[in-house]
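Okay, here's what each chain looks like letter by letter:
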Amino acid sequence: MTAHRPLLFALVAAALVACAGGPERVDPSADPAHAWAVAVRARVAAARDQPSFTLRYNPAACDCPPFEVRLDGIWHRVLFAGAGPEDAAMQALDAAVRDARARRVNATWQIQGSLDDSLTTCARGTLVVALSPSAFGAPPPPGPN
């Protein structure tokens, strides 16, 4: 049995060295959260030139913005950047939400503005898209040329 002892020590030493290697490299693209952020950024980029965006009021039970914007068929939480309560677009949106809630209907609205490239998070890491509103409602159709 002593003849096999050096071989056994060599195998154990090799296993210990292999397990004690440097820090493991993790591919960030393998992380589902990273993949979701990439997909959301792609939707934002694809929607950048839209004349208006569809919104809905959908309050969350957590600390997230109550509005969502529809991008490529998917609803995303949205934060209104650069618009306060005195902004005309925000006042019109608030009035439309109050009216829909009083009538107990689910409604969507159009808002003009521009999407921001940055994403933030709320609550449990939910991604939030930023939209700078410029006007409530869809833009008027282009006139005849």
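Calculation criteria
Residues numbered from 1 in each chain as written. Predicted model: local features only at pLDDT ≥ 70, side-chain atom pairs only at ≥ 80, totals over all residues. Heavy atoms only, no water. Salt bridge = Lys/Arg side-chain N within 4 Å of Asp/Glu carboxyl O. Buried < 20%, exposed > 50% of the residue type's maximum accessible area, 1.4 Å probe, protein only. Helix = DSSP H or I, 4+ residues; strand = E, 2+ residues; numbered from the N terminus. Expected span 1.5 Å × (residues − 1). Arc of directions from axis to C-beta. Contact = heavy atoms within 4.5 Å. Core = buried A, V, L, I, M, F, W, Y, C linked by side-chain atoms within 4.5 Å.

*Asks:* Explain the pattern of salt bridges to me, and be specific about the residues and the numbers.
*Replies:* A pair can form between side chains of opposite charge whenever their charged atoms are brought close. Counted by the stated rule, this structure contains four salt bridges. A salt bridge links E68 to R77; the shortest N-O distance between them is 3.5 Å. The same class applies to E68 as to R77, namely buried. Here the salt bridges do not stand alone but share partners, grouping R56, E68 and R77 into one network.

*Asks:* Please provide a residue-by-residue account of helix α2 (residues 32-47), values included.
*Replies:* With 16 residues, α2 should cover 22 Å at 1.5 Å per step; its first-to-last C-alpha distance of 23 Å lies within 8% of that length. When we look at burial in α2, the residues that qualify are A37, V40, R43, V44 and A47. The buried residues of α2 occupy an angular sector of 120° when projected down its axis, which confines them to one face. For α2, the elements touching its buried residues are β1 (53-57), β2 (67-71), β3 (74-80), β4 (108-122) and β5 (126-136).

*Asks:* Please give an account of the nonpolar core that cites residues and values.
*Replies:* Across soluble globular proteins, nonpolar side chains have a tendency to be buried as a group. Core analysis: the largest hydrophobic core is formed by 25 residues, its most contacted members being V69, L71, F80, L93, L115, V129 and L131. Elements represented by at least two residues in this core include exactly α2, β1, β2, β3, α3 (88-103), β4 and β5. Here the element with the most residues in this core is α3; it accounts for six residues.

Nothing here speaks to function; it is geometry throughout.
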